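Listed below, chain by chain, are the residues.
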Amino acid sequence: QISETDFQDSVHVLGFSDELNKLLLQLYLDNRKEIRSVLSELAPRFPSYHNLEWRLDVQLASRSLRQQIKPLVTLKLHLSEDGDQTARVLQTDPSTLLHLIRQLEQALGEMKSNHCRRIVRNMK
């Protein structure tokens, strides 16, 4: 459901000739509904977030090491998919969790770029 101009801009980046770009545009306009139906069938179905439980465990000592600090974060992620609820248990250390948070925040920041906005707008 993108406009002709957006389609031409997307195809122009590929470096095809003007004649081929016009042909691709005409094929797209003729088969737009079929393309959307095929793409909607091929779209992956991911479970959605429902709830999150977390716990912080810290091992302060053991028989061999009397003074140690070993933190461990346990996450229980509740997911919903087609009315069914499942739970996934994940364990990690705090430094890995902080790295994961930074990467996710970076990905969210990239979604605000003009390039990603244009792609998301064309996917709708």
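All figures in this text were calculated on a predicted structure; none of them were measured in a lab.

Participant: How would you sum up the overall build of the protein? Please name residues and give values.
Facilitator: Secondary structure summary: the protein contains five helices and three strands in total. When its helices and strands are written in sequence order, the protein yields α-α-α-β-β-β-α-α. Considered along the principal axes of its C-alpha atoms, the protein spans approximately 75 × 35 × 20 Å. In the protein, which comprises 124 residues, the proportion classed as buried is 12%. The contacts of the protein with a sequence gap of at least 6 include a subset with a gap of at least 24, amounting to 33%. Summed over its atoms, the accessible surface of the protein is roughly 10800 Å², and 56% of this surface lies on carbon and sulfur atoms. Positive and negative side-chain charges in the protein, numbering 17 and 16 respectively, have mean positions lying 10 Å apart.

Participant: I'd like to hear about the nonpolar core, residue by residue, with values.
Facilitator: Listed in full, the five residues of the largest apolar core are I2, F7, V11, L25 and Y28. Among the elements of the structure, α1 (4-12) and α2 (18-30) are those that each provide at least two residues to this core. Sequence-distant contacts of I2, defined by excluding residues within four places in its chain, comprise F7, Y28, R32 and N122.

Participant: Any chance you could break down the confidence of the model for the protein for me, citing the residues and the numbers?
Facilitator: Predicted confidence across the protein gives a mean pLDDT of 87, with 98% of residues reaching 70 or more. When mean pLDDT is compared element by element in the protein, strand β3 (residues 84-92) scores highest at 95, while helix α5 (residues 114-123) scores lowest at 78.

Calculation notes
- Residues numbered from 1 in each chain as written.
- Predicted model: local features only at pLDDT ≥ 70, side-chain atom pairs only at ≥ 80, totals over all residues.
- Heavy atoms only, no water.
- Helix = DSSP H or I, 4+ residues; strand = E, 2+ residues; numbered from the N terminus.
- Buried < 20%, exposed > 50% of the residue type's maximum accessible area, 1.4 Å probe, protein only.
- Contact = heavy atoms within 4.5 Å.
- Areas by Shrake-Rupley, 256 points an atom, 1.4 Å probe, with all protein chains shown as cover.
- Lys, Arg positive; Asp, Glu negative; His and termini not counted.
- Charge placed at Lys NZ, Arg CZ, Asp CG, Glu CD.
- Core = buried A, V, L, I, M, F, W, Y, C linked by side-chain atoms within 4.5 Å.
- pLDDT = per-residue confidence, 0-100.

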